[in-house]
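Overview (structure and organization)
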Amino acid sequence: MTRPIEIDLVSDTATKPSPGMLAAMVNARVGDEQRDEDPTVLELNARVADLLGMEAALFLPSGTMCNQIAFLVHCRPGDEIITAANAHVFGSEGAGASALAGAQFRTVPTANGIFQAREVEAAIRAPRHRSPRSRVVSVEQTANRGGGSVWPVATLNEVAAVAHAHGLAAHMDGARLPNAAIASGLPMAAHTAGFDSAWIDLSKGLGCPVGAVLAGSSGFMEEALFWKHRLGGAMRQAGFIAAAGLYALEHHYQRLADDHEKARLFAGWVHGAGGVVVFPAEVETNILFLDLSQCALNANAVATRLRDHGIRFGVESATRMRVVTHLDVSTAQVRQAAEHFIRIVEAR
Ligand SMILES: *Cc1c(COP(=O)(O)O)cnc(C)c1O
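Predicted, not measured: the structure shown is a model, and the values here were computed from it.

A look at the sheet that holds strand β10 (residues 287-291)
Pairing is antiparallel across the open sheet formed by four strands, whose spatial order is β9-β10-β13-β12. Since the sheet does not close on itself, it has two edges, and those belong to β9 (277-279) and β12 (314-317), each with one partner. In this sheet, adjacent strand axes meet at a mean angle of 30° when their direction is disregarded. Two elements, β12 and strand β13 (residues 320-324), share three bridges in a ladder whose sense is antiparallel. Bridging across to β13, Val315 finds its partner in Met321.

With respect to the site of the ligand
Taken together, 14 residues surround the ligand, and among them Thr64, Asp173, Arg176, Asp201 and Lys204 come closest. A distance of 2.6 Å is found between a nitrogen atom of the ligand and a side-chain nitrogen or oxygen belonging to Asp173. With respect to the ligand, the side chain of Lys204 contributes an N or O atom lying 2.9 Å from an oxygen atom. Notes on the ligand: free accessible area 380 Å², of which the protein chains cover 86%. Broken down by secondary-structure element, the contributors of at least two residues to the shell around the ligand are α3 (63-74) and β7 (197-201). Of the residues that constitute the shell around the ligand, the class distribution is two nonpolar, six polar and six charged.

Regarding helix α7 (residues 153-165)
In this model α7 runs 18 Å from its N-terminal to its C-terminal C-alpha over 13 residues, within 8% of the 18 Å that 1.5 Å per residue would give. Three or more residues of α7 are buried, namely Val153, Thr155, Leu156, Val159, Ala160, Val162 and Ala163. Each element contacted by the buried residues of α7 is listed here: α6 (117-123), β5 (134-140), β6 (169-173) and α9 (188-192).

Some points on the side chain of Asn286
Looking at where Asn286 falls in the secondary structure, it is placed in the loop between β9 and β10. Polar contacts involving the side chain of Asn286 include one to the side chain of Asp12, which spans 2.9 Å. For Asn286, the contacting residues outside a window of four places in its chain are Asp12, Arg176, Asn179, Asp259, His260, Ala263, Val323, Val324 and Thr325.

Let's talk about the environment of Ala154
The residue Ala154 is located in helix α7 in this model. Exposure remark for Ala154: the relative accessible area of 46% places this residue in the partly exposed category. For the pair formed by Ala154 and Lys204, sequence separation is 50 residues and the distance between their alpha carbons is 25 Å.

Brief notes about the pattern of salt bridges
If you walk through the whole model with that rule in mind, you get 13 salt bridges. Across the pair Asp8 and Arg312 runs a salt bridge, and its minimum N-O distance is 2.8 Å. With Asp8 in strand β1 (residues 7-8) and Arg312 in strand β11 (residues 311-312), the pair connects residues that are 304 residues apart, well separated along the chain. Classification of Asp8 by relative accessible area gives buried; the value is 14%. Taking relative accessible area as the criterion, Arg312 reaches 31% and is therefore assigned partly exposed.

Thoughts on the UniProt feature "modified residue: N6-(pyridoxal phosphate)lysine" (unreviewed entry) in the protein chain
In the numbering used here, UniProt assigns the feature "modified residue: N6-(pyridoxal phosphate)lysine" (unreviewed entry) to Lys204. Within the secondary structure layout, Lys204 lies in the loop between β7 and β8 (212-216). On the basis of relative accessibility, which here comes to 13%, the residue Lys204 falls in the buried class. Residue contacts for Lys204: discarding those within four places in its chain leaves Asp12, Thr13, Thr15, Ala175 and Arg176.

Cut-offs applied
- Each chain carries its own residue numbering, running from 1 in the written order of its sequence.
- Confidence filtering applies because this is a predicted model: local features only for residues at pLDDT of at least 70, side-chain atom pairs given and counted only at 80 or more, and all residues used for totals across whole chains, interfaces and linings.
- Values shown for side chains rest on all heavy atoms present in the structure; no hydrogens or waters enter the calculation.
- Two strands make a pair as long as DSSP finds a minimum of two bridges between them.
- Starting at the N terminus, helices and strands are each numbered in turn, a helix being any DSSP run of H or I of at least four residues and a strand any DSSP run of E of at least two.
- Only C-alpha atoms enter the line fits that serve as axes; for helices the fit covers just the stretch in contact. Angles between N-to-C directions range over 0 to 180 degrees.
- Proximity criterion: a residue is near a molecule or strand once any of its heavy atoms comes within 4 Å of it.
- Under the rule applied, a polar contact is a pair of N or O atoms within 3.5 Å (in protein, one hydrogen donor and one hydrogen acceptor; residues adjacent in sequence only if both atoms are side-chain atoms).
- Here the open area of atoms and residues is found with the Shrake-Rupley method and a 1.4 Å probe, where only the protein chains shown may cover a residue.
- Basically, the charged four are Asp, Glu, Lys and Arg, the nonpolar ten are Ala, Val, Leu, Ile, Met, Phe, Trp, Tyr, Cys and Pro, and anything else, Gly included, counts as polar.
- In a helix, the anticipated span is given by 1.5 Å times the number of residues less one.
- Each residue is assigned to one of three classes by its accessible area relative to the maximum for its type, calculated with a 1.4 Å probe on protein chains only: buried under 20%, partly exposed between the two thresholds, exposed over 50%.
- Between two residues, a contact is recorded if the distance between any of their heavy atoms is within 4.5 Å.
- Should a side-chain nitrogen of Lys or Arg be within 4 Å of a carboxyl oxygen of Asp or Glu, the pair is scored as a salt bridge.
- UniProt positions are given in the numbering used here, feature names are shortened, and annotations may be inferred rather than shown by experiment.

Rendered as structure tokens:
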């Protein structure tokens, strides 16, 4: 029997609903969401629209569906989406943008997932009969594979402005926008101000079991609602899960600062041990990578040894691991994980 995982740092999706969240879910007022009759879903949509400074918002089962619906609304087949080469929309959504919206990607290489307005400008195609039509710029706040890095609001505004100047839409994959808002001290609406569509995930750092909310203009949302139904994303008494979202925005939002602090502490403890290099050098939010290329052991061997202690990190490649802090791991547990990890990588 393998030991159960007690300290799960593989992702902030590892969280389970807290007793308070479960109570809110059980006591939710519900109705048929497909008929727009679920009061809790309507409340969550209004709340997120307000937090993101958008006219309207739409509760969806997942963040992936938020991205896919946004591309379906913004793009026609053959259109091009400009995004970072390490973006989730490009590498981790089953090529959905191509398969569903018929769009293709033009990627910008980045180390931390953040690109500049001039790089967008360079990637936008001149209108020519033989060229794809550049249609959307998609940014990821925070940049997951960029090490949880936070796009400065000024850069977001510049990127959105360049997109609009050329007739493109600006879309934000805000899976961890709440983390970016807490880390930057600027409200989510300040990050999304230049964007035509943006969403937040409820099932990442906010700690819900399921759900995401896509926001945009009323016109955008009319179309998004059509696609929600077509893709089978319309639910029934979804208020039971939307209630978790409302609870999370109330109780799990400000505390994201704790997760960032835990990640910073972890980085400080392990950096340099046995040749380990932490990326990014300055941890900004709740995600960090461990470069093991200077270590004696490879990532899979380290992961197996950690598992023996009931600890899990993400394995990205033979030389790269990922650690994500969240509300279900305490500072003491993060400390314990760091100690075991250091012992493993320092063992000769
Ligand atoms: C998790 C994630 C998604 C997808 O969200 P799901 O809720 O898992 O479908 C999209 N983008 C980023 C950056 C993510 O981290």
